[in-house]
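Descriptive structure summary
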Amino acid sequence: MNSVRLVDEEGVPQAVALSERVHWVGALDPNLRTFDIILKTANGTSYNAYVVRGSEGVAVIDTVKEGFASDFFARLECVADYAEIKVIVLNHLEPDHTGALPELMKRAPQAQLFISQKAQSMLKGLLKQDELSFTPVVTGDKVSLGDRSLEFLHTPYLHWPDTQCTYAPEEAMLFSGDVFGCHFCDNRLYNDKVGDFRFSFEYYYAHIMRPFKEYVVRALELIEPLPLKLIAPTHGPILRDRPQHYIQRYRQLSTPALHNELRPNQKTLLIFYISSYGNTRRMAEAIYQGAMQVEDVRVSLYDLEGGEVAPFVDLIEEADGLVLGTPTINGDAVKPIWDLLSSLTVVNLKNKLGGVFGSYGWTGEGVRLVEDRLRGLKLRVPIQGLRVKLIPTDDEIIECKAFGLELAQELTGVRESRVINFADL
Ligand code: FEO
């Protein structure tokens, strides 16, 4: 029998026991197709919330999106009286998990609210109440429910800065918030019962967690030593079958995707270009030649017209420097450049070296616009972009080589930083 009883004969939502003391009291949203504007889901999602019962009180861990509050409260009432609720834990304050919070606080005014340190200002912004009582917690803080307890692990940026996980040691369960979650809706709830959700798990990681890999690694260092029977995320299947498998997968996904062939101290510089009449390409080739003069930099040159964006994103994620060459058409950089840049929001580019160049016919705004975008993506762009009107002259080709050399030297620390006059940009 694969089904899990989520409603009774009359259709009233029912809580689901994960153990004698722990219940799922969440809600299913099978009709959702787009989450947070950027994420697709082919069969909806779930907003998972949980109740832990100890000998001295009850804890509610996370709530649900506002429109699903009635399911949440109906399930909660199956397993606890509001007067018994001693603790409310919010692992993450995004509205899909806090929609029912204001009403829960009204129904259980005695409950103490536990949030991460970084969640404090968000909570005030969310509830718009001057008088708010809550307890900020950090990794290692604990709260007792008598014969059950909860321990907090601060896991920032997974998926907001406020994120934490909550561990119930006596149950060996981790309430992981968005971590290990996915947008997948299946009323069989458990990972060993639901349909094939591997794609959703990987897709969720790629869009939500990947930009914050370094924080994933830090979170795994807290999670990996924990004895675990079950991982209870806020979205998607509850991971009771081989929970360690999902932890290991996060570890794999957070380590570099490409085999590292570099020598110690060697840096990587990627030059991408697109060219309509070959002029931006001539510039790219000269920049490439100039950069190759620096021994400890592995320089690569790619025509965007000849590749797919996804493998380029993998390359860029692990590169030290990114140089883009674009013509200007109708006062803008061209679409393949913008397509590549829009795909880079899933990787961390902070402090990578950026550079831009391009040939133009009339006004040449493309280079400046792309420079601005690189800065917006948190790359450092220390050398002003190089523009050439139409066909590069021999002198301009020499200038391109010097530009490439400077960029490569910047990577190795040989080049002295120079002050950019932003009025010139
Ligand atoms: Fe499920 Fe980031 O909220």
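None of these values were measured; they are calculated from a predicted model.

The rules behind the values
Residues numbered from 1 in each chain as written. Predicted model: local features only at pLDDT ≥ 70, side-chain atom pairs only at ≥ 80, totals over all residues. Heavy atoms only, no water. Helix = DSSP H or I, 4+ residues; strand = E, 2+ residues; numbered from the N terminus. Contact = heavy atoms within 4.5 Å. Areas by Shrake-Rupley, 256 points an atom, 1.4 Å probe, with all protein chains shown as cover. Lys, Arg positive; Asp, Glu negative; His and termini not counted. Charge placed at Lys NZ, Arg CZ, Asp CG, Glu CD. Phe/Tyr/Trp six-rings, centres within 6.5 Å; stacked < 30°, edge-to-face > 60°. Buried < 20%, exposed > 50% of the residue type's maximum accessible area, 1.4 Å probe, protein only. Pairing = 2+ DSSP bridges. Axes fitted to C-alpha atoms, helices over the stretch in contact; angles between N-to-C directions. Polar contact = N/O pair within 3.5 Å; in protein donor to acceptor, adjacent residues only side chain to side chain. Disulfide = S-S within 2.5 Å. Parallel < 35°, antiparallel > 145°, perpendicular 65-115°, else oblique. Left-handed = near helix turned anticlockwise from the far one by under 90°. Domains from an automatic or database assignment. Buried area = accessible area lost by both parts, 1.4 Å probe. Salt bridge = Lys/Arg side-chain N within 4 Å of Asp/Glu carboxyl O. Nonpolar A, V, L, I, M, F, W, Y, C, P; charged D, E, K, R; others polar. pLDDT = per-residue confidence, 0-100.

1. A word on the overall build of the protein chain
Counting secondary structure elements, the protein chain contains twelve helices and 21 strands. Projected onto its principal axes, the C-alpha positions of the protein chain cover 80 × 45 × 40 Å. Pairs at least 24 residues apart make up 70% of the contacts formed inside the protein chain by residues separated by at least 6 positions. In the structure as shown, the protein chain presents an accessible area of about 19100 Å², 50% of it carried by carbon and sulfur atoms. Of the charged side chains in the protein chain, 44 are positive and 57 negative; the average position of the first set lies 1 Å away from that of the second.

2. A few points about the packing of aromatic side chains
Geometry of an aromatic ring pair is reported as the spacing of the ring centres plus the angle between the planes. Summed over the entire model, instances satisfying the criterion amount to 17 aromatic pairs. A centroid spacing of 4.6 Å and a plane angle of 45° characterise the contact between Tyr 157 and Tyr 215, whose relative ring orientation is tilted. Placement of the pair is Tyr 157 in the loop between strand E13 (149-154) and strand E14 (164-168) and Tyr 215 in helix H6 (residues 213-223), with a sequence separation of 58 residues. Here Tyr 157 falls in the partly exposed class, since its relative accessible area comes to 23%. Ring centres 5.9 Å apart and planes at 50° place the aromatic pair Phe 184 and Phe 197 in the tilted group. Here Phe 197 lies in the loop between strand E15 (173-177) and helix H5 (198-209) and Phe 184 lies in the loop between E15 and H5, a separation of 13 residues in the sequence.

3. With respect to the sheet that holds strand E8 (residues 57-61)
Read from one edge of the open sheet, seven strands run E1-E2-E7-E8-E9-E10-E11, paired in mixed fashion. Each edge of the sheet is formed by a strand with only one pairing partner; in this case those strands are strand E1 (16-17) and strand E11 (135-137). Two elements, E1 and strand E2 (residues 22-24), share two bridges in a ladder whose sense is antiparallel. Looking at E2, one finds that Val 16 is bridged to Trp 24. In this fold helix H1 (residues 69-79) packs onto E2, strand E7 (50-54), E8 and strand E9 (85-89), with an angle of close to 20° to the strand it touches most, E7.

4. Some remarks on the environment of Asn 279
Residue placement: Asn 279 occurs in helix H8 (residues 279-291). Side chain to side chain, Asn 279 and Arg 282 meet in a polar contact 2.6 Å long.

5. Some thoughts on the state of the cysteines
Considering all chains together, one arrives at zero disulfides under this definition. Take Cys 185: it sits in no disulfide, and the sulfur closest to it among the cysteines is that of Cys 182, at 11 Å. Look at Cys 185 and you get buried, because its relative accessible area is 12%.

6. Looking at the packing of H8 against helix H12 (residues 394-412)
It is at 6 Å that the axes of H8 and H12 come closest, and there the two elements cross at 45°. When the interaxial angle is binned, H8 and H12 end up oblique. The two elements H8 and H12 cross, and the hand of that crossing is right-handed. In contact with Arg 282, Met 283, Ala 286, Ile 287, Gln 289, Gly 290 and Ala 291 of H8, H12 contributes Ile 397, Cys 400, Lys 401, Phe 403, Gly 404, Leu 405 and Ala 408.

7. Quick word on unusual backbone geometry
You will see that Leu 189, though not glycine, has its phi angle at about 65°, which is positive. When you line up the elements, Leu 189 lands in the loop between E15 and H5. Given a relative accessible area of 4%, Leu 189 falls into the buried group. With a phi angle near 70°, Asn 351 is a residue other than glycine that sits in the positive phi range. For Asn 351, the location among the structural elements is in the loop between helix H10 (335-343) and strand E20 (353-360). When its relative accessible area of 52% is taken as the criterion, Asn 351 is described as exposed.

8. Looking at the side chain of Gln 14
Here Gln 14 shows up in the segment before E1. For Gln 14, a relative accessible area of 17% corresponds to the buried category. Aside from chain neighbours lying at most four places away, what touches Gln 14 is Arg 5, Leu 6, Val 7, Asp 8, Arg 75 and Cys 78.

9. A short note on the domain arrangement of the protein chain
Domain parsing of the protein chain yields domain 1 (16-254) and domain 2 (266-411). Of note, the centres of domain 1 and domain 2, computed from C-alpha atoms alone, are 42 Å apart. Counting residues at the interface gives six residues for domain 1, matched by seven residues for domain 2. Interface area, domain 1 with domain 2, both sides summed: about 500 Å², of which 35% is carbon and sulfur. For the interface between domain 1 and domain 2, the tally reads three salt bridges. Note that Asp 314 is salt-bridged to Arg 210, the shortest N-O span being 2.9 Å. Here domain 1 is connected to domain 2 by four residue pairs in polar contact (both at pLDDT 80 or more). Those elements that provide at least two residues to the side of domain 1 that touches domain 2 are H5 and H6. Of the residues belonging to the side of domain 1 that touches domain 2, the class tally is two nonpolar, one polar and three charged.

10. Thoughts on the confidence of the model for the protein chain
Looking at the protein chain, the pLDDT average stands at 94 and 97% of residues meet or exceed 70. Across residues 419-425 the pLDDT falls below 50, and counting only partners more than four positions away or on other chains, this stretch makes ten contacts in the model.

11. Structural notes on the pattern of salt bridges
One pass over the full model with this rule turns up 23 salt bridges. Between Arg 240 and Asp 192 there is a salt bridge whose closest N-O contact spans 2.8 Å. Here Arg 240, found in the loop between strand E16 (230-233) and helix H7 (243-254), pairs with Asp 192, found in the loop between E15 and H5; they are 48 residues apart in sequence, far enough to count as distant. Judged by its relative accessible area of 33%, Arg 240 falls in the partly exposed class. What makes Asp 192 partly exposed here is its relative accessible area of 41%. Salt-bridge contacts for Glu 214 lead to Arg 218; the nearest nitrogen and oxygen are separated by 3.5 Å. One end of the pair, Glu 214, and the other, Arg 218, are both in helix H6, four residues apart, so they sit about a helical turn from each other. For Glu 214, a relative accessible area of 40% corresponds to the partly exposed category.

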